[in-house]
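# Observations on chain architecture
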Amino acid sequence: MNDDGYDHRSVERRYQEAWDEADVYRTPDDVSDPTYVLGMYPYPSGELHMGHVRNYTITDAYARFNRMRGEDVLHPMGWDAFGLPAENAAKERDTNPRDWTFDCIDTMRGQMESMGFGYDWDREITTCTPKYYRWNQWLFRRLHEEGLVEQRDAEVNWCPDCETVLADEQVEGEAELCWRCDTPVEQRELEQWFLKITEYANELIDALDELEGWPDSVRQMQRNWIGRQYGTTLPFEIDGHGTVEAFTTRADTVYGATFFALAPDHPISQELIKTDDEVHEFVHHETDPEGDEPNGVRTDLTATNPVTGEELPVFVADFVLSDVGTGALMGVPGHDDRDHVFATKMGVDIVPVIAPSDEDDVDVSESAFTDDGVLINSGEYSGLDSETARKEITEDTEGAELTTQYRLRDWGISRQRYWGTPIPVVRCSECGPVLVPKSELPVELPEFVNTTGNPLDAATDWKETTCPKCGGEAVRETDTMDTFVDSSWYFLRYVSPELTDAPFDLDRANDWMPVDQYVGGIEHAVMHLLYSRFITKFFADAEGLEHREPFTNLLAQGMVQLDGSKMSKSKGNVVSPQEIVEDYGADTARLFMMQAAQPERAFDWTEEGVRSTYAFLTRLYDLVESFDPETATGEHDAVAAYVESEIDATIAVATEEYESLTFNIALREAQGLVRTLRQYADYTEPHAATFQRGLETAVLLLSPVAPHIAESLYDELGGEGFVVNAAWPESDADRSTAEDRRRLVENTREDVRQIIEVAGIDDPERIDVVVAPEWKYRALEVAVESDAPNVIGELMQIPEIKKQGQAAADYGKDLQAEREALSVGLAVDEEYEALSAAAWLIEREFDAPVRVVHAADADESTVAKATPGRPAIDILEP
RNA sequence: GCGAGGGUGGCUGAGCUAGGCCAAAAGCGGCGGGCUUAAGACCCGCUCCCGUAGGGGUCCAUGGGUUCGAAUCCCAUCCCUCGCACCA
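Inspection of the entire model under this criterion finds 44 aromatic pairs. Ring centres 5.0 Å apart and planes at 65° place the aromatic pair Phe 319 and Phe 342 in the edge-to-face group. Here Phe 319 is found in the loop between β14 (311-317) and β15 (328-331), whereas its partner Phe 342 is found in helix α10 (residues 337-346), with 23 residues between them in sequence. Exposure remark for Phe 319: the relative accessible area of 13% places this residue in the buried category. Every member of this aromatic cluster is reached through a ring pair, and the members are Tyr 41, Tyr 490, Phe 491, Tyr 494, Tyr 518 and Phe 551. Above the ring of Tyr 811, the side-chain terminus of Lys 776 is found at 5.2 Å from the ring centroid.

This is how it looks when you write it as structure tokens:
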């Protein structure tokens, strides 16, 4: 298909084999503190898609860059191999999840290899193997030992299509759809195993502040998810039903409480159903928690306000949620929007108790005033500001307590599916649930049975066992773990994937962790990343891991789109990586993706972009091929000096950009260098050593992203060994000086063009570029440093300047006028040199000889116009 | 509603966390030129307005402010994207 381009197929195959043979991506166990670069491991669907390619190209390029800079690098890959799709696929294809999964893994590993991703495959992990998941079971035991596992009946999210429970995090949007299959989620009451992530809620939220290597958006999402709120629990007496605690963040508004409300499934509501027909009617028929309107029914009960002693009417209301706060609340219609709506609807009093300030009156008849302010109508507390009042009211009130509430719930990990880690518990009629002893781990999955329910229920031989405690008859727990348990610690397993007596080697993990750069999709902002942080903290507390956070730097990579929308099978707008590799090669695909946009931004895949990237690689290939140092007999002239300075500038910029993972900018530089080299060869006979260095530099700078062709060209240029192991090019160029030089050259060329155009010069005979006299640089320096009100006086103190007479006075006036904007740029010699080196560009463009001259060698009226950073230009017409 | 991030020249999109080097990078598209039998590719320019020597004008969502000076800082408004949401 692309017969015009270089032969990517043979190049890529050759080096993939060579790397493999030389084992170049291996990270030996004895290296010390390698740079740990990790992409989120994939679910082995059997098909590598563009999102994967982008994700793993980022980590691969970064890993290669670090390796070339002499770092030891840990860059492993594995498989998030448990999960429901395997069960569905097995049913469809009449096979079993294990065979299907391993087939998929083999296919995907092959696809990754064809992309040239450099992984240490000796560290590959596969979560569906007993040697991995036994450590999930071990982890479950350890969590249990530390009191962080709990079994309880719970109202759970149930996906009828997946036939399993979902964590809150796995239910999406207002419509409450399953994150995997978009089926509306139902509620069910089931006995569930929970991991008490809430015990870590405070640290999980507080430590976010220190995670400076994470995007703000992700940190904010986690903060929201954890949802910490400081407030007060107040005890309300309800006669005949005892004390009911109500949580409020606004204890300062307690004098404005005019009703009390209970959730429909609150125990008291449930009791009232039996005796109160209206409550029964409401709870069973009218309640509409999904609706926008708050609905409720008045009961015969009253609740005693613990601060004022007032009796408040008690309602059962559907906007009160049993899993928020205590499932009961005090209603303050004057200062809460929703309470206001409800009170208006039910005809409850609305009393203002907070005013914006001392003097202000507040009108709450139409809408609530929800800001903090000053208390009014609040007895002894009137006149206090909201914050103080909250504190005092809480302190003064018997039974009131400062309370912190979280939105975060414990992590329900029970899944009623086959293809997951069996929860290592046996249920004994005598002893209840008993943990499977450590010595009997792993509890391995039985053979798959194709059935409608949970295959583990159907596996009778497996299910029926004896109690480890009393030896009596017992059955195994048939629930398996959420696969997020697998991924909550897999990054630790890579450190010692074969270890048989612990999940990971502690000493090595202490040395190698945390992951220096983690890369993956934003969809894991809460779930996976929160669980991983939780489990890491647990390992720190329980197992002596010396790190409390797993990922130092996190990059959430953007989407790969087609025509502005996400690629997806359902939309049928998928570009297959395999086809691109076939047609253009992995290097083209990788380079195109990396240069198209910053890694965190979405970008559009375009056929045109791919073609032009391929054409670029082909041009580079041809340029290297056609270069013969023997026949390149050019001098080391001004042009060569220019090319050299460009090589150095390119290295300086590209290196910085690679460091910050802004590959797009680094690659633009590298591509710019190739263009410069082509122009060089086009314009004159190149100087062999300079040209050679330029080509080598371009190849090295491109190699992290386009490794195959880089190997081939590196070899062609006489490089030793693999480019993978080559040293990153060095330059002593300073980026800002390099940029000053480029700007000077660009501005000067621009000026020449403008003059020629505006003055209507058709065919210039000669172009003189005159650098400003040295004393002006000196004067500029003085002016920048001076804080005298008028710089001219100060300048005239300097003999060297003073003797310039009127010229000095004129320039001094200019400097004074622009006083605040002045800054020192290049020195006179640097300017002269930069311009001399770039003169050929002007010559070539206007086909006229260019002289770059010092002020001393030029005519006085011309020199007068030259200033530092802005040479005078004199164009001679025939 | 709450929170986060944004609104830049025909389009895409840098710069804006350290205000002056910003009429504002780069790419695309468009225009002109070179190369070529020709097309493509490639190379060189131009692409807000005015201007016969590098000048001037207007400009970075809108309106105000700070400053000698603002795309860059502050305030308000409008719009967009994302996350959370009857959260007490």
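Right, let's talk about the nonpolar core for a bit. Trp 411, Tyr 490 and Trp 605 are the most contacted members of the largest nonpolar core, which has 184 residues in total. For this core, the element with the highest residue contribution is helix α2 (residues 50-68), accounting for 9 residues. Residues contacting Trp 605, with those up to four places away along its chain left out, are Met 50, Val 560, Gln 561, Leu 562, Met 567, Val 575, Ile 580, Phe 592, Met 593 and Val 610.

Near RNA strand B lie 48 residues; those nearest to it are Gln 229, Thr 248, Leu 321, Gln 679 and Arg 743. Here, RNA strand B places atoms within 4 Å of the protein, and 50% of those atoms are sugar or phosphate. A distance of 3.2 Å separates a sugar or linking oxygen of RNA strand B from a polar side-chain atom of Thr 248. Contact between RNA strand B and Arg 338: a sugar or linking oxygen at 2.7 Å from a side-chain N or O atom of the residue. Among the secondary structure elements, those contributing two or more residues to the surface near RNA strand B are α7 (216-226), β11 (242-248), α20 (607-626), α22 (663-683), α25 (735-758) and β33 (872-876). Sort the elements by how many residues they give to the surface near RNA strand B and α25 lands first, with 7 residues.

Attention now goes to the environment of Ile 350. Summarising the element assignment, Ile 350 is placed in the loop between α10 and β16 (354-355). Owing to a relative accessible area of 25%, Ile 350 belongs among the partly exposed residues under this scheme.

So, how was this worked out
- Residues numbered from 1 in each chain as written.
- Chains lettered and ligands numbered in written order.
- Predicted model: local features only at pLDDT ≥ 70, side-chain atom pairs only at ≥ 80, totals over all residues.
- Heavy atoms only, no water.
- Phe/Tyr/Trp six-rings, centres within 6.5 Å; stacked < 30°, edge-to-face > 60°.
- Helix = DSSP H or I, 4+ residues; strand = E, 2+ residues; numbered from the N terminus.
- Buried < 20%, exposed > 50% of the residue type's maximum accessible area, 1.4 Å probe, protein only.
- Lys NZ or Arg CZ within 6 Å of the ring centre and 35° of its normal.
- Core = buried A, V, L, I, M, F, W, Y, C linked by side-chain atoms within 4.5 Å.
- Contact = heavy atoms within 4.5 Å.
- Near = heavy atom within 4 Å.
- Polar contact = N/O pair within 3.5 Å; in protein donor to acceptor, adjacent residues only side chain to side chain.

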